[in-house]
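What follows is the residue order along each chain.
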Amino acid sequence: MASLYSTLARNLPDGSLVLFDHDLRYIVAGGDDGGVAALAPPGCQGKAVRDVLPPEIAQSLEPLYRAALTGRRAAAEVAYEDRWLLVRAGPVRDEHGAIVAGMSLSQDITDTKQAEHALRGSRDLLQEIIESSSDAIVAKDLEGRYVLINSSAARLLGRPAGEIVGRDDAALFPADQAGRSREADTRVCSRGESETAEEHIVVDGRRRTLLLTRSPLRDHDGRIIGVLGVARDVTEQRQLEDRLSRAHRMESVARLAGGIAHDFNNLLTVVLGSAEILLDDLPRAYARRSDLEEIKAAATQAAQLTRQVLAYSRQQVLAPRLLDLNGLVGGMESALRPLLGARIELALDLAAQSGAVRVDSAQLEQALLNLVLNARDAMPGGGRLQVVTRTVVVDEAFAREHAPMRPGRYTTLAVRDTGVGMDEETQSHLFEPFFTTKPGRHGAGLGLATTYGIVKQSGGYIWTESAPGAGATFTIYLPWHEPLVAAVPPPPESAGAARGAGETVLVVDDEPAVRVVTKRILQRSGYAVLEAAGGVEALDTLREHPGPIHLLLTDVIMPEMNGREVAQRVRGQRPGIRVVYMSGYSPEAIAHDGLLDEGAAFVRKPFESGLLLQTVRRALDTTEQITLA
Ligand code: ADP
Ligand code: MG
């Protein structure tokens, strides 16, 4: 029998054959080179398996062989060098059924094994890629049930993957959202083409914007078996883009409005000034006085409008100083109450110690007033109006959500009402000039635009929180400064006649019409007036006029030399001279805010003669030189 087995073994087409006895000793062995080399090395006959084979191979074969000798069939995969062998063993029985030996057959399965391995590897890799993608990836079957969802998708949908797989959109989302999604899935499957679109979903009450691509999912034969969805959450990105494009829009509107307002300003200065001069000259009893009064009133109103537009376009010349915000708000309380009526409760909630802010106080008061008036209008049936000041630290996260804000310390001034609130659409236009939801009246829609301009020009930010029916909060963030040790007293208000006593005033303005009107107002009130169209001419005038010049009244923005330089040069020649600036506009304000020296005496153009005269008088009467060089 052994010889028959030997013959058989030698002739095996592949693999090897081994016959062993009850002591696990080789009886017969043979086969192809690989198999023989591994399991039945030359000269193994009569020797025990464990004495011939390397221990790790012997260890995996012995149990198999023993099992065979007890009558069972068994199989094992055995690694040998860089190959894999499948070894099957079973009993050899005589004609009576008694086990006389064991037999094993081996077969090289390296190729199969490698293919299997490669497949498993690429599956794992695919799984890994899907799982580690920061994009949300989902697959649905043709019935719309989720069959796969990666962890980014689970995070986006706000539920564990286990709660989503096996269910469809109808079970997970509000009906309209699920309906839209199902419709798109069906379309993609029927057309067999991908679709990319931006979609809005609501997760945990928060609206998210997704950039979602749906593709048909196909099997091996190209049949569509479902939909693959890949989505990216672009909510923050879109919000940022919206904010930036809004800021852009505001910027160009501001530029346009500011340009027009600038020219108007000069024209109005002339109209107003000339009307006043005429009124002065005409006899009290003159019948047409009222016409002139009307011209003056209309021009004054127009000037007010112009001023608001300039404020919005951030082209006002501000006179900022450090001041205590609580002081400013507290000081306005008594002025605000009567505006609100009996049904609105006004509550001030001021920080224990507010930081100082660097602002033009009159302008910030205007900004606060605008917010308060809006709050009043939003509560026709009464309500509660809170004015709150705080010191806050803006962290990275908050700053990111409120681009282009920078992290850091701010002093905030918030106006909160319990009124009708606003929808998103209204909120997106809020700060645009002439945007209003109130029936037309003079200057409507400029309140928030003005406030916005003032806040921006003061280096601050303004943010809104509101929903329909839920009231509104407007919060102004201003750069924080060390609290002031003692409150800075407001500049003294001088009343009474503000006439000149023969003092000489040098008027410098590049606009001839403005110069003429200003000169005439001053002359009529007891001043001697010299005039110049610019800095160079002003210096010439100084040379030609040896007598005293008491005050320099100069425009701020002029083509060759700005007001500040003129003042410096003039002071160089006449150290004791007082300076008053006048302006309504600063083209540089667009690029970098055109600001004056702190505490500089200043009149806004177009001016009423009374205001100009008061400012000039006050500057002359001040004993100290308050204007810094
Ligand atoms: P105006 O008050 O003249 O309409 P504003 O620029 O001050 O102009 O305000 C623009 C619009 O913003 C208002 O018409 C109103 O629709 C809305 N608004 C402003 N403040 C509030 C508020 N506190 N509550 C509700 N809506 C407001
Ligand atoms: Mg308003």
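Residues numbered from 1 in each chain as written. Chains lettered and ligands numbered in written order. Predicted model: local features only at pLDDT ≥ 70, side-chain atom pairs only at ≥ 80, totals over all residues. Heavy atoms only, no water.

1. Observations concerning the pattern of salt bridges
Then comes step 1: With the rule as written, the count across this model stands at 38 salt bridges.
Then comes step 2: Between D185 and K140 there is a salt bridge; the shortest N-O distance is 2.7 Å. Note that D185 is positioned in helix α9 (residues 175-191) and K140 in strand β6 (residues 136-141), a separation of 45 residues in sequence. Each of the two residues, D185 as well as K140, counts as buried.
Then comes step 3: As a salt-bridge pair, D377 and K438 come within 2.8 Å of each other at their nearest N and O atoms. Residue D377 is found in helix α13 (residues 361-377), and its partner K438 is found in the loop between α15 (424-429) and α16 (447-457); the two are separated by 61 residues along the sequence.
Then comes step 4: For D377, a relative accessible area of 31% gives the class partly exposed.
Then comes step 5: Counted as one network, the salt bridges with shared partners bring together K140, D169, D185, E199 and R214. (Salt bridge = Lys/Arg side-chain N within 4 Å of Asp/Glu carboxyl O. Helix = DSSP H or I, 4+ residues; strand = E, 2+ residues; numbered from the N terminus. Buried < 20%, exposed > 50% of the residue type's maximum accessible area, 1.4 Å probe, protein only.)

2. Observations regarding the side chain of S215
Then comes step 1: Structurally, the position occupied by S215 is in strand β9 (residues 206-218).
Then comes step 2: A polar side-chain atom of S215 sits 3.0 Å from a polar atom in the side chain of S194.
Then comes step 3: Other than its neighbours up to four places away in sequence, S215 contacts V188, S194, G226, V227 and L228. (Polar contact = N/O pair within 3.5 Å; in protein donor to acceptor, adjacent residues only side chain to side chain. Contact = heavy atoms within 4.5 Å.)

3. Re the packing of helix α10 (residues 235-281) against helix α17 (residues 512-524)
Then comes step 1: Relative orientation of the contacting elements α10 and α17 amounts to 30°, with a least axis distance of 9 Å. In terms of orientation, α10 and α17 fall into the roughly parallel class. The crossing of α10 and α17 is left-handed. Contact residues: N266, T269, V270, G273, S274, E276, I277, D280 and D281 in α10; A513, V514, V517, R520, I521 and R524 in α17.
Then comes step 2: Residues of the contact of α10 with α17, tallied by class, amount to six nonpolar, four polar and five charged. (Axes fitted to C-alpha atoms, helices over the stretch in contact; angles between N-to-C directions. Parallel < 35°, antiparallel > 145°, perpendicular 65-115°, else oblique. Left-handed = near helix turned anticlockwise from the far one by under 90°. Nonpolar A, V, L, I, M, F, W, Y, C, P; charged D, E, K, R; others polar.)

4. A look at the packing of aromatic side chains
Then comes step 1: Overall, the coordinates contain six aromatic pairs when judged by the stated rule.
Then comes step 2: Between F398 and Y477, the aromatic rings sit 6.0 Å apart at their centres with planes inclined by 40°, giving tilted as the arrangement. Remark: Y477 occurs in strand β17 (residues 472-479) and F398 occurs in helix α14 (residues 396-401); sequence separation between them is 79 residues.
Then comes step 3: In textbook terms, an aromatic cluster arises when at least three aromatic residues are bridged by ring pairs, as seen for F398, Y410, Y461, W463 and Y477.
Then comes step 4: It is K113 that lies over the ring of W84; its NZ or CZ is 4.6 Å from the centre. (Phe/Tyr/Trp six-rings, centres within 6.5 Å; stacked < 30°, edge-to-face > 60°. Lys NZ or Arg CZ within 6 Å of the ring centre and 35° of its normal.)

5. Quick notes on the site of ligand 1
Then comes step 1: The full set close to ligand 1 counts 18 residues, and N374, T436, T437, K438 and G445 are the nearest of them.
Then comes step 2: Contact distances for ligand 1 include 2.4 Å between an oxygen atom and a side-chain N or O atom of T437.
Then comes step 3: The separation between an oxygen atom of ligand 1 and a polar side-chain atom of K438 is 2.7 Å.
Then comes step 4: Burial of ligand 1 by the surrounding chains reaches 95%, relative to a free accessible area of 530 Å².
Then comes step 5: Those elements that place two or more of their residues in the shell around ligand 1 are α13, α16 and β17.
Then comes step 6: Residues that form the shell around ligand 1 fall into these classes: nine nonpolar, six polar and three charged. (Near = heavy atom within 4 Å. Areas by Shrake-Rupley, 256 points an atom, 1.4 Å probe, with all protein chains shown as cover.)

6. Considerations on the domain arrangement of the protein chain
Then comes step 1: Taken domain by domain, the protein chain comprises domain 1 (2-114), domain 2 (133-233), domain 3 (241-313), domain 4 (321-479) and domain 5 (504-621).
Then comes step 2: Placing the centre of domain 3 and that of domain 5 at their C-alpha centroids yields a distance of 21 Å.
Then comes step 3: Taken together, the contact between domain 3 and domain 5 spans 20 residues of the former and 16 residues of the latter.
Then comes step 4: Summed over both sides, the interface of domain 3 with domain 5 buries roughly 1600 Å², with 64% coming from carbon and sulfur.
Then comes step 5: Scanning the region where domain 3 abuts domain 5 turns up two salt bridges.
Then comes step 6: For the pair domain 3 and domain 5, the number of links is three residue pairs in polar contact (both at pLDDT 80 or more).
Then comes step 7: Taken together, the residues of the side of domain 3 that touches domain 5 sort by class into six nonpolar, eight polar and six charged. (Domains from an automatic or database assignment. Buried area = accessible area lost by both parts, 1.4 Å probe.)

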